[in-house]
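Next come the chains, spelled out residue by residue.
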There are 2 protein chains.
Amino acid sequence: MSRDTLPRPTDAELGILRVLWDRGASTVREVHETLRDGSGYTTVLKTMQIMTEKGLVMRDESQRAHVYTARVPRENTQRQLVTDLVDRVFGGSPARLALQALSTKKTSPEELAELRQLLESLEKEAES
Amino acid sequence: MSRDTLPRPTDAELGILRVLWDRGASTVREVHETLRDGSGYTTVLKTMQIMTEKGLVMRDESQRAHVYTARVPRENTQRQLVTDLVDRVFGGSPARLALQALSTKKTSPEELAELRQLLESLEKEAES
DNA sequence: TGTGGACTACGAAGACCTTCGTTGACACCT
DNA sequence: AGGTGTCAACGAAGGTCTTCGTAGTCCACA
């Protein structure tokens, strides 16, 4: 199943994608072992097969144990989910989401510095 | 169906909640008319009935046309969805989500000012 | 009285998601 | 050759979500 725009990954699919993003190319067994949720081996297998059909992952079948790779970069998916959420519950305002996100938990000084940097570049941009 | 913690609203439910948050208490007809997606009247009705069972909305049946009200405040749902997303795709770092959100689209000067204010209070907090 | 409009309630269909049991292939070891 | 372990493939079940048709109720009005 090839599409022009990839579907929003489901929860289970997201779990698997995360493993693939972190580990890189992996077999079903590796994903299943990394992903220590309750789900059985065949469940993970089946989901990964479906993800292949959807175009979310690629499969290398040259080995007996097929090797899967994420076909969508982590960043893209993050962006997709963020804009999705922004549109659906924050009236299209990313800043609203950012404010909400930041006010929930505490943030490390490094991240604060990054934020400040981004903020300042945005401010500079707004001036012009 | 009463629960301790409310379920994550589905897409259709979120659309209805948005109408209720914006309009306040509304009948099915009003929601259906505001919500100009393709869905039929009975679809919206059914969904709102289910939402009542789930505890997402309250229903006042004293009138012939029942009047529905959101039972979850917009802020709570926003927080719920944000922390959800943070946990599932941003490794638990709200700042990462904020950075992603802000780098996607441009932000108004007013929102930038708000962000700066929040950022500075966070920085102050981090110092101590 | 009876006809039409506005409403709720009900049920069921179809899609998708998640789950897992079972089967068959393959390879290795005894 | 037989047994064991690992793997993909398949199919089906059970759940949830979304959709809508249909039926019943109530009321207003001709």
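Residues numbered from 1 in each chain as written. Chains lettered and ligands numbered in written order. Predicted model: local features only at pLDDT ≥ 70, side-chain atom pairs only at ≥ 80, totals over all residues. Heavy atoms only, no water.

Observations concerning the pairing of strand β2 (residues 57-60) of chain B
All names here are of chain B. Where β2 and strand β3 (residues 67-70) come together, four bridges link them in antiparallel fashion. Bridging from a neighbouring strand, Met58 pairs with Thr69 of β3. Taken together, β2 and the strand that follows it, β3, pair antiparallel across an intervening segment of six residues. (Pairing = 2+ DSSP bridges. Helix = DSSP H or I, 4+ residues; strand = E, 2+ residues; numbered from the N terminus.)

Remarks on the pairing of strand β3 (residues 67-70) of chain A
Pairing geometry for strand β1 (residues 26-27) of chain A and β3 of chain A, over two bridges, is antiparallel. Following the sheet pairing, Thr27 of chain A is matched in β3 of chain A by Val67 of chain A.

As for the relation of the copies chain A and chain B
Each copy superposes on the other: chain A lies on chain B with an RMSD of 0.1 Å after a rotation of 180° and an axial shift of 0.0 Å. With respect to symmetry, the two chain copies, as superposed, fit the operation of a two-fold axis. In terms of C-alpha distance to the rotation axis, chain A has Ala98 of chain A as its closest residue, with the C-alpha 2.2 Å off the axis. With an isologous cut-off of 70% or more, the 100% of interface residues of chain A that recur at the interface of chain B puts this contact in the isologous class. (Least-squares fit on C-alpha atoms with pLDDT ≥ 70 in both. Contact = heavy atoms within 4.5 Å.)

Here we look at the protein's contact with DNA strand D
In the region of DNA strand D, 22 residues are neighbours, and Arg29, Tyr41 and Arg64 of chain A together with Thr10 and Thr43 of chain B sit closest. Among the atoms of DNA strand D close to the protein, meaning within 4 Å, 60% are from sugar or phosphate groups. Here Thr10 of chain B contributes a side-chain N or O atom positioned 2.7 Å from a phosphate oxygen of DNA strand D. Measuring from a phosphate oxygen of DNA strand D, one finds a backbone N or O atom of Ala12 of chain B at 3.2 Å. Taken together, the elements giving at least two residues each to the surface near DNA strand D come down to α2 (28-34) and α3 (41-54) of chain A together with α1 (11-23) and α3 (41-54) of chain B. Of the residues assigned to the surface near DNA strand D, the class counts are six nonpolar, eight polar and eight charged. (Near = heavy atom within 4 Å. Polar contact = N/O pair within 3.5 Å; in protein donor to acceptor, adjacent residues only side chain to side chain. Nonpolar A, V, L, I, M, F, W, Y, C, P; charged D, E, K, R; others polar.)

Describing the sheet that holds β3 of chain A
Residues and elements named next belong to chain A. What the three strands build is an open sheet, ordered β1-β3-β2; its pairing is antiparallel. The open sheet has two edge strands with one neighbour each: β1 and β2 (57-60). The sheet strands contacting helix α1 (residues 11-23) are β1, β2 and β3, and the helix crosses β3 at an angle near 95°. Relative to the sheet, α3 contacts β2 and β3, its axis offset from that of β2 by approximately 105°. (Axes fitted to C-alpha atoms, helices over the stretch in contact; angles between N-to-C directions.)

Details of the interface of chain A and chain B
Every contact between the two is made by 40 residues of chain A and, on the other side, 42 residues of chain B. Carbon and sulfur atoms supply 65% of the area that chain A and chain B bury against each other, a total of about 4,300 Å² over both sides. As a salt-bridge pair, Glu120 of chain A and Arg116 of chain B come within 3.6 Å of each other at their nearest N and O atoms. Our count for the contact surface shared by chain A and chain B stands at 16 residue pairs in polar contact (both at pLDDT 80 or more). The set of elements that each furnish at least two residues to the side of chain A that touches chain B consists of α1, α4 (74-89), α5 (94-104) and α6 (109-127) of chain A. (Buried area = accessible area lost by both parts, 1.4 Å probe. Salt bridge = Lys/Arg side-chain N within 4 Å of Asp/Glu carboxyl O.)

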